[in-house]
Amino acid sequence: MSLIEEIRQAVIDGQAKDAVSKVEQALEEGIAADTILHNALIDAMREVGELFEQGEFFVPEMLIAARAMKGALELLKPLLVDQGVEPLGRIAIGTVKGDLHDIGKSLVAMMLEGGGFEVVDLGVDVAPEQFIEATKNGAQIVAMSALLTTTMPNMKATIEALEAAGLRDQVQVMVGGAPVTQAYADDIGADGYSPDASSAVRKAQALLGK
Ligand code: B12
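No experiment lies behind these values; they were computed from the predicted model shown.

## Looking at the coordination of the cobalt atom of the ligand
Six octahedral donors around a metal ideally make angles of 90 or 180 degrees; four tetrahedral donors ideally make 109.5 degrees.
Here's step 1: Coordination of the cobalt atom of the ligand by the protein comes from a single atom, H101 (NE2), at 2.3 Å.
Here's step 2: Counting through the fold element by element, H101 comes out in the loop between β1 (90–95) and α5 (103–114).

Below you can see the structure in the form of structure tokens.
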């Protein structure tokens, strides 16, 4: 097995320490950071997403793999900036105002990062004004998570606030979370909805025409 394949497998298996030490080894051997990123890390997360969709992986495996990927990615980040590798786009993600659930949101953020996006994680209990600020700071996609039926309306409130601020045309809005559906997304005028973290990456790519 090549070193790239070993890194890829370590991420799929959620072996964070192993993934990090093998990335260090690969860098020492002179393998380029963007080769490690695309051929090992991003490809591993693509496979993890497929395993999840096939019902072979569940949320815990996906979270553990995502953490291993994140650890390895931290090593590569400064080098990728040096190499001038452009992210696919900038996404501001957060759980909407009044809602403190962050597991799904963080998983989506990690998968988006693994998929090559620059992700600004605004955290939980994020007010419409914070999403507006993030859009002014260059976010091309605003991604909102809600886990409570009582906080879902804050997705609509954020879209309305973007409209009122004259920013709606310059940002794509993605929504998700257990109680959110495609019908709800259509109803509130969101541009995209995904039921899980792996399809969220493909949706974000499609929204930015990638
Ligand atoms: C863990 C949990 C908590 C934890 C949260 C810890 C944390 N750090 O997040 C704690 C204990 C704090 C909590 C608190 C509460 N909770 Co709670 N909680 C849950 C629980 C059990 C799991 C949620 C979870 O993490 N799921 C796993 C993740 C991975 O799944 P996910 O979030 O759905 O995310 C996936 C997709 O939805 C999607 N996705 C998510 N976000 C986004 C965003 C985008 C843009 C996209 C594209 C996709 C996407 O991708 C993710 C990965 O595949 C759910 C039950 C459930 N089955 O959902 C109840 C649940 C959500 N909670 C509930 C309730 C009622 C509460 C409380 C009000 C309880 C109380 N009385 O205090 C409080 C509210 C606090 C608040 N203000 O937010 C209810 C909501 C009912 C409703 N219809 O609104 C649920 C459904 C439990 C129940 N059956 O009653 N909760």
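Resuming the write-up.
## Focus: the pairing of strand β2 (residues 118–121)
Side-chain direction in a regular strand flips from residue to residue, so the side chains alternate between the two faces of the sheet.
Here's step 1: Of the strand pairs in this sheet, β1 and β2 are connected by four bridges, and their pairing is parallel. From the neighbouring strand, R90 faces β2, where its bridge partner is E118.

## Thoughts on the domain arrangement of the chain
Here's step 1: Assigned domains within the chain: domain 1 (3–83) and domain 2 (90–207).
Here's step 2: Centre-to-centre separation of domain 1 and domain 2, based on C-alpha positions: 25 Å.
Here's step 3: With 14 residues of domain 1 at the contact, the number on the domain 2 side is 13 residues.
Here's step 4: Buried area between domain 1 and domain 2, summed over both chains or domains, comes out near 1,100 Å², and the portion from carbon and sulfur atoms is 74%.
Here's step 5: Considering only the surface of domain 1 that becomes buried against domain 2, E53, M62 and L63 emerge as the three largest contributors, covering 33% of it.
Here's step 6: Applying the counting criterion to the domain 1 and domain 2 interface returns two salt bridges.
Here's step 7: Only α3 (33–53) and α4 (59–83) provide two or more residues apiece to the side of domain 1 that touches domain 2.
Here's step 8: Among the elements that line the side of domain 1 that touches domain 2, the one with the most residues is α4, at nine residues.

## A short note on the pattern of salt bridges
Here's step 1: In total, this model carries 13 salt bridges according to the counting rule given.
Here's step 2: Across the pair D191 and R168 runs a salt bridge whose closest N-O atoms are separated by 2.9 Å. Of this pair, D191 sits in the loop between α8 (182–188) and β5 (192–193) while R168 sits in the loop between α7 (153–164) and β4 (172–176), and the two are 23 residues apart along the sequence.

## Observations regarding the side chain of E113
Here's step 1: By secondary structure assignment, the location of E113 is in helix α5.
Here's step 2: Relative accessible area serves as the criterion here: at 14%, E113 is assigned to the buried category.
Here's step 3: Once residues within four sequence positions are removed from consideration, E113 is found in contact with K70, L73, K77 and V119.

## What to know about the pairing of β1
Here's step 1: With respect to burial, β1 is a largely interior element, five of its six residues being buried.
Here's step 2: Judged from the five bridges that link them, β1 and strand β3 (residues 141–145) form a sheet pairing that is parallel. Bridge pairing in β3 links A92 to V142.

## Side note on unusual backbone geometry
Here's step 1: Not every positive phi belongs to a glycine, and D125 is a case in point at roughly 55°.
Here's step 2: In this fold, D125 is placed in the loop between β2 and α6 (128–136).

## A closer look at the site of the ligand
Here's step 1: Taken together, 26 residues are adjacent to the ligand, and L100, H101, D102, S145 and T149 come closest.
Here's step 2: Separating a nitrogen atom of the ligand from a side-chain N or O atom of S145 is a distance of 2.7 Å.
Here's step 3: Measuring from an oxygen atom of the ligand, one finds a backbone N or O atom of T149 at 2.9 Å.
Here's step 4: Elements with a minimum of two residues in the shell around the ligand: α5, β3, β4 and α9 (197–207).

## Considerations on the side chain of T95
Here's step 1: Looking at the element boundaries, T95 is found in strand β1.
Here's step 2: Within the local environment of T95, its side chain forms a polar contact with the backbone oxygen of H101, the two atoms lying 2.9 Å apart.
Here's step 3: Excluding residues within four positions of it along the chain, T95 makes contact with H101, D102, K105, G123, V124, D125, V126 and S145.

## A look at the nonpolar core
The tendency in soluble globular proteins is for nonpolar side chains to be buried side by side.
Here's step 1: Membership of the largest hydrophobic core comes to 48 residues, with the highest contact counts inside it found for I36, L41, L76 and L112.
Here's step 2: Of all the secondary-structure elements, those providing two or more residues to this core are α1 (3–12), α2 (16–28), α3, α4, β1, α5, β3 and α9.
Here's step 3: At eleven residues, the largest contribution of residues to this core is made by α3.
Here's step 4: Here this core spans two domains, and each of domain 1 (3–83) and domain 2 (90–207) adds at least three residues to it.

What counts as what
Residue positions are given per chain, counted from 1 along the sequence in the order it is written. Local features in this predicted model are restricted to residues of pLDDT 70 or higher, and side-chain atom pairs are both shown and tallied only at a pLDDT of 80 or more, whereas totals for entire chains, interfaces and linings draw on every residue. Side-chain measures were taken over the full set of non-hydrogen atoms in the model, leaving aside hydrogen atoms and water. Each metal's donors are the N, O and S atoms found within 2.8 Å of it, except that Na, K and Ca use a 3.2 Å limit; water is left out, so coordination can look incomplete. Numbering of helices and strands starts at the N terminus; helices are DSSP runs of H or I of at least 4 residues and strands are runs of E of at least 2. By the convention used here, strands pair only if DSSP detects at least 2 bridges between them. Domain start and stop points were drawn from an automatic or database domain assignment. Note on contacts: a residue pair is in contact if any heavy atoms of the two residues lie within 4.5 Å. When two parts are brought into contact, each loses some accessible area as probed by a 1.4 Å sphere; the total of that loss over both is the buried area. Throughout this description, the term salt bridge denotes a Lys or Arg side-chain nitrogen within 4 Å of a carboxyl oxygen of Asp or Glu. Three labels apply to residues, based on accessible area from a 1.4 Å probe with only protein chains included: buried if under 20% of the type maximum, exposed if over 50%, partly exposed otherwise in between. Residue proximity to a molecule or strand is established when one non-hydrogen atom of the residue lies within 4 Å of it. Within 3.5 Å is the distance limit for a polar contact, defined as a pair of N or O atoms, with the added protein rule that one can donate a hydrogen and the other accept it, and that residues adjacent in sequence qualify only through two side-chain atoms. The nonpolar core is taken to be a set of buried Ala, Val, Leu, Ile, Met, Phe, Trp, Tyr and Cys residues, with the residues joined through side-chain atoms within 4.5 Å.

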